[in-house]
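# Summary of the model geometry
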2 protein chains.
Amino acid sequence: MILVKVYVTLKDSVVDVQGEAVKDAIHSMNYKDVLDVRIGKYFEIKFDDRSNNLKSEIDSICDDLLANPNIESYRYEIVEAN
Amino acid sequence: MILVKVYVTLKDSVVDVQGEAVKDAIHSMNYKDVLDVRIGKYFEIKFDDRSNNLKSEIDSICDDLLANPNIESYRYEIVEAN
């Protein structure tokens, strides 16, 4: 079994409205030293050991399903796990 | 400026309905070698350099705002960044 960790985040050019709301909430908790908050999605995907074209498969899954290419970018880590 | 990366995920005991839906969608893309999908939230929080009680502050922010302690757990990485 292969564990892949995928991080999908808004592109820097995109205003993170949710992040702004969380930042305001944090400030209302009196933690004024928080300068910025960006929020993304985090996926842990388990693959069968025998998948042969793993990287291209992950890219297709991210491009076609997990990330919106207009406003989001993704990166991933392949973590061997058995 | 200090960058903190926070990962909020469902506890293992909690069924990840969204994850199941994404797994089904991936299977419908003919990637049958995907065994499991778990979805979480990912936060990038920037702190001012002068924050003194950083770890306890992050724990409070996670416990009180970012994670639901009943069904979620969190971990974080402190990444120095200037």
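Residues numbered from 1 in each chain as written. Chains lettered and ligands numbered in written order. Predicted model: local features only at pLDDT ≥ 70, side-chain atom pairs only at ≥ 80, totals over all residues. Heavy atoms only, no water.

Just so we agree on the cut-off: UniProt positions are given in the numbering used here, feature names are shortened, and annotations may be inferred rather than shown by experiment.
By the naming in an unreviewed UniProt entry, chain A goes by Phosphoribosylformylglycinamidine synthase subunit PurS and is assigned to Companilactobacillus allii. We quote the UniProt Subunit (unreviewed entry) comment for chain A here in full: "Part of the FGAM synthase complex composed of 1 PurL, 1 PurQ and 2 PurS subunits." A UniProt comment under Subcellular location (unreviewed entry) is attached to chain A, and it reads "Cytoplasm".

## Examining the side chain of D16 of chain B
Residues and elements named next belong to chain B. The following threshold applies: Secondary structure elements follow DSSP: runs of H or I of four or more residues count as helices, runs of E of two or more count as strands, with numbering from the N terminus. Accessible area is worked out with a 1.4 Å probe on protein chains only. A residue is then buried under 20% of its type maximum, exposed over 50%, and partly exposed in between. Only four residue types enter the tally: Lys and Arg on the positive side, Asp and Glu on the negative side, with His and both chain ends excluded. Should a side-chain nitrogen of Lys or Arg be within 4 Å of a carboxyl oxygen of Asp or Glu, the pair is scored as a salt bridge. Nitrogen and oxygen atoms within 3.5 Å of one another constitute a polar contact, given that in protein one can donate a hydrogen and the other can accept it, and given that sequence-neighbouring residues count only through two side-chain atoms. We call two residues contacting when some pair of their heavy atoms lies within 4.5 Å.
Within the fold, D16 resides in the loop between strand 1 (2-10) and helix 1 (17-28). Notably, D16 is buried but unbridged: the nearest opposite-charge side chain belongs to R38, and the N-O separation is 4.4 Å. There is a polar contact of 3.3 Å between the side chain of D16 and the backbone nitrogen of Q18. Contacts of D16, omitting those with residues within four sequence positions, involve L10, V37, R38 and I39.

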